[in-house]
Amino acid sequence: MKYPLSTKKIIVKNILLLLLLFMNATYSQGLKSSHHDFSGASWSGNNYCKPCHTPHNANMNEPNSPLWNHQLTNAVFEMYSSPTLDGISGQPTGKTKLCLSCHDGTVAVDNHSGNTNGTKFTNFGNLTSDLKNDHPISIIYDTALALADGRLYDPSTTLSGLGGTIKDDLLENNKLECTSCHDVHISRNTQGCSGCHNVHGNNGVVTKTLSLWKSNDGSALCFTCHKK
């Protein structure tokens, strides 16, 4: 059955809206009381998804952006480099750039839905534009790199511990990105505030690394990719 163009546009918009509603229902339970729960803030519209996602007029300037609704960073980053690094670390791409659009400290967290005059900047997790001391990101991690390095597992055949291979579960277009280690939606958090934070008397609040895809006790997450 053929539909006029106007009807097709309405159908597409409805599909996108349903997708966002599904995302809200799926991820809000994990997001609740987590690092990325902004639903209690008036600038978020008291919404879990709106600061990052929208079903309409999404920003697609960065390829594979998931219905992106937040202002993108324009910072030029100083990337990790080392004589022992066999991969090539260029400027951040993909979901890493999306993460840095809050975590580089140059773009306000409340700069979403077309707003570019926000005043809420990241304190926790402000990486700045100097990434020289951080894990290399936006680098191609494939069989060739594993063979050249000798201390990395082959991502195409090595299991991630999450159900598939490293390539399938942790990489984005064969690249290691922020989301290779971190689950921004923290869908495993079922404990509310205590899922991410512990209070230890006079020692104050201790933040757990719940956003990691799996526990890094004994460097378990690191050893997913690194042989030693």
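Residues numbered from 1 in each chain as written. Predicted model: local features only at pLDDT ≥ 70, side-chain atom pairs only at ≥ 80, totals over all residues. Heavy atoms only, no water.

**A look at the overall build of the protein chain**
Here's step 1: When you go through the protein chain residue by residue, the secondary structure sums to 5 helices and 4 strands.
Here's step 2: Mapped from its N terminus to its C terminus, the protein chain presents α and β elements in the order α-α-β-α-α-β-β-β-α.
Here's step 3: Considering the protein chain as a whole, with its 228 residues, one finds that 34% of them fall into the buried category.
Here's step 4: The long-range fraction of contacts in the protein chain, counting pairs at least 24 apart against all pairs at least 6 apart in sequence, stands at 58%. (Helix = DSSP H or I, 4+ residues; strand = E, 2+ residues; numbered from the N terminus. Buried < 20%, exposed > 50% of the residue type's maximum accessible area, 1.4 Å probe, protein only. Contact = heavy atoms within 4.5 Å.)

**With respect to the packing of aromatic side chains**
Here's step 1: Across all of its chains, the model carries 1 aromatic pair by this definition.
Here's step 2: Relative to Trp43, the ring of Phe38 has its centre 5.3 Å away and its plane inclined at 45°; by these criteria the two rings are tilted.
Here's step 3: For Trp43, a relative accessible area of 23% translates into the label partly exposed. (Phe/Tyr/Trp six-rings, centres within 6.5 Å; stacked < 30°, edge-to-face > 60°.)

**Quick word on the side chain of Glu177**
Here's step 1: Mapped onto the elements, Glu177 comes out in the loop between strand E2 (175–176) and strand E3 (197–199).
Here's step 2: As a buried residue without a salt bridge, Glu177 has its nearest oppositely charged side chain in Lys175, at a separation of 5.1 Å.
Here's step 3: Within polar-contact distance, the side chain of Glu177 engages the side chain of Thr93 at 3.0 Å.
Here's step 4: Non-local contacts of Glu177, meaning those with residues more than four positions away in its chain, are made with Thr93, Thr96, Ile137, Ser138 and Glu172. (Lys, Arg positive; Asp, Glu negative; His and termini not counted. Salt bridge = Lys/Arg side-chain N within 4 Å of Asp/Glu carboxyl O. Polar contact = N/O pair within 3.5 Å; in protein donor to acceptor, adjacent residues only side chain to side chain.)

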